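Commentary on secondary and tertiary structure
Here's the letter readout for the chains.
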Amino acid sequence: MDILTTLQALNACHGPAGDEKEVAAAIEKLAAPYADEITRDALGNLFVHKKGSGPRVMFAAHMDSIGFIVTYIDDKGFLRFGQLGGLHPQSCLHTAVRFRSGVKGVVGADGGVSPKDLKLSDLYIDIGATSREEAEKLVKVGDTAVYDAGSFTMGQLLTSPYLDNRISCVVLLMALERLERSENDLWFVFTVQEELGLRGARPAAYRVDPKYGVAVDVTGSDDTPESTHGSSSVLGKGAAVKVMDGSVICHPEMVKRLEQLAQDKGIRAQRDILRHGGTDAGAIHVSRSGVYTGGVSIPCRYIHSPVETAHLEDVEACAALVAAFAQSKLD
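We now turn to the structure provided with this report.

Thresholds, definitions, all that
Residues numbered from 1 in each chain as written. Predicted model: local features only at pLDDT ≥ 70, side-chain atom pairs only at ≥ 80, totals over all residues. Heavy atoms only, no water. Helix = DSSP H or I, 4+ residues; strand = E, 2+ residues; numbered from the N terminus. Rg over C-alpha atoms; globule rule 2.2 N^0.38 Å. Buried < 20%, exposed > 50% of the residue type's maximum accessible area, 1.4 Å probe, protein only. Contact = heavy atoms within 4.5 Å. Areas by Shrake-Rupley, 256 points an atom, 1.4 Å probe, with all protein chains shown as cover. Lys, Arg positive; Asp, Glu negative; His and termini not counted. Charge placed at Lys NZ, Arg CZ, Asp CG, Glu CD. Pairing = 2+ DSSP bridges. Axes fitted to C-alpha atoms, helices over the stretch in contact; angles between N-to-C directions. Core = buried A, V, L, I, M, F, W, Y, C linked by side-chain atoms within 4.5 Å. Patch = residues over 30% accessible without salt bridge, like charges linked within 9 Å, V, L, I, M, F, W, Y side chains within 5 Å. Salt bridge = Lys/Arg side-chain N within 4 Å of Asp/Glu carboxyl O. Phe/Tyr/Trp six-rings, centres within 6.5 Å; stacked < 30°, edge-to-face > 60°. Lys NZ or Arg CZ within 6 Å of the ring centre and 35° of its normal.

1. Let's talk about the overall build of the chain
- When you go through the chain residue by residue, the secondary structure sums to nine helices and 17 strands.
- A compact globule built from 331 residues should have a C-alpha radius of gyration of about 20 Å, and the chain, at 20 Å, falls within 12% of that.
- When burial is assessed residue by residue, the chain has 55% of its 331 residues classed as buried.
- When contacts within the chain are restricted to residue pairs at least 6 apart in sequence, long-range pairs at least 24 apart make up 75% of them.
- As displayed, the chain offers around 13900 Å² of accessible surface, 51% of which is attributable to carbon and sulfur atoms.
- Taking the average location of the 34 positive side-chain charges in the chain and that of its 43 negative ones, the two points are 3 Å from each other.

In structure tokens, the structure reads:
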């Protein structure tokens, strides 16, 4: 499975938090050859099941992305917007966006606002309309938009919008593709609304009721100039085995098991400690009476911007580690 081609296919879908059905349809088509059954729940979580008689294992990667939602259209046809997830004003300014309908626009800022003082309320989307009436023929209040940017490689680095978290969806698809026989009962779950507070993972974990859970997501990379060291992993050093983030302290046995698998299989790995932010692991580990939960993370620069950047070898390492855990002997 080609990483860039698969990522581009997922990013071509409209999939902000709360409206992930296009992404789910694309993933379902790609996962179908490797699944015993594929189902969805009321929220839109996608469950890809490979049946086994052993312990139930849940791998989770969220399908949704951050996005823009139109809240007001002014007399001149400019759109004010709210946020779906963690939009940062400095990352949004002067970027291109697209709506599900194909309408495109650019993000501008009110005059006289200093960049350092910029707030989301200072920004608007310009879709080329000259009046409210003209704009309302193209876009309505409540319509959503996403970054309209391309995906490309720079040597071994991959740059794209929405690596958070489409690249982890690619990792799960790659792991599915390379799976050999496993006695474990495997659930690859592509969750919704993670960016709005891990909303999809909660009912998904309740439904699957796993003994073991592994959240796959991006994590901050501590390798840019003047880093504040809010994270521990770096690009190019392999799969990041999560120890903790703002939503979870991973079970020590899961950290140990994942690190031992990486060592035994010759998979490059490092540790992932993230001071702020969270993943679906935060919802999974407290489901029902508790779940042995860990995380496999892809180090990523410029998270929640249109130019998120990761290392292709780290993506490969994460896919290998997920597949290794899926096929491992579990009690």
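From this point, the narrative continues.
2. A word on the sheet that holds strand E14 (residues 239-244)
- Taken together, eight strands build an open sheet; the order of strands is E1-E2-E12-E3-E13-E16-E14-E15 and the sheet is mixed. Pairing within the sheet leaves two strands with one partner each, and these edge strands are strand E1 (37-40) and strand E15 (269-273). The mean inter-strand angle of the sheet, taken between neighbouring strand axes irrespective of direction, is 25 degrees.
- By the bridge criterion, five bridges tie E14 to E15 in an arrangement that is parallel. By the bridge assignment for E15, Val241 is matched with Arg271.
- Each of E1, strand E2 (46-50) and strand E12 (185-191) touches helix H2 (residues 21-31); the most contacted strand, E1, lies at about 170 degrees to it.

3. Looking at the nonpolar core
- By size, the foremost hydrophobic cluster in this structure holds 63 residues, and its most contacted members are Phe59, Phe188, Phe190 and Phe325.
- With residues near it in sequence (within four places) discarded, Phe190 still touches Ile27, Asn45, Leu46, Val48, Ala61, Met63, Cys169, Leu172 and Leu173.
- Membership of the second largest hydrophobic core comes to 24 residues, among which are Leu120, Ile125, Ile127 and Tyr162.

4. Some points on a nonpolar patch on the surface
- Taken together, the side chains of Met244, Ile249 and Ile273 define a hydrophobic patch exposed on the protein surface, amounting to about 270 Å² of accessible area.
- Along the polypeptide, Ile273 turns up in strand E15.
- By relative accessible area, Ile273 is classed as partly exposed at 36%.

5. Quick notes on the sheet that holds strand E11 (residues 157-160)
- Read across the open sheet, the three strands follow the order E10-E11-E17; overall the sheet is antiparallel. The open sheet has two edge strands, strand E10 (152-154) and strand E17 (308-311), and neither has a second partner. If you compare each strand with its neighbour and ignore which way they point, the axes differ by 30 degrees on average.
- With respect to the sheet, helix H1 (residues 3-11) is in contact with E10 and E11, its orientation differing from that of E11 by roughly 10 degrees.
- Sheet strands in contact with helix H9 (residues 312-327) are E10, E11 and E17, and its direction is about 65 degrees off that of E17.

6. Re the packing of aromatic side chains
- Under the defined criterion, the tally for this structure stands at nine aromatic pairs.
- Ring geometry for Phe59 and Phe325: centres 6.1 Å apart, planes at 90 degrees, overall edge-to-face. One end of the pair, Phe59, is in strand E3 (residues 56-62); the other, Phe325, is in helix H9, with 266 residues separating them in the sequence.
- Among the residues examined, Phe325 registers a relative accessible area of 0% and is labelled buried.
- Over the ring of Phe47 we find Arg207; its NZ or CZ atom is 4.1 Å from the centre of that ring.

7. Some remarks on the pattern of salt bridges
- Applying the stated criterion across every chain, the model contains 16 salt bridges.
- Linking Glu22 and Arg100 is a salt bridge whose minimum nitrogen-to-oxygen distance equals 2.5 Å. Taken as a pair, Glu22 in helix H2 and Arg100 in the loop between strand E6 (96-99) and strand E7 (104-109) lie far apart in primary sequence, 78 residues in all.
- Of the charged contacts in the structure, one is a salt bridge between Glu259 and Arg271, with a shortest N-O distance of 2.7 Å. You can see Glu259 sitting in helix H7 (residues 252-265) and its partner Arg271 sitting in strand E15, a full twelve residues away along the chain.
- When its relative accessible area of 26% is taken as the criterion, Glu259 is described as partly exposed.
- What you see here is one network of salt bridges that share partners, running through Asp19, Glu22 and Arg100.

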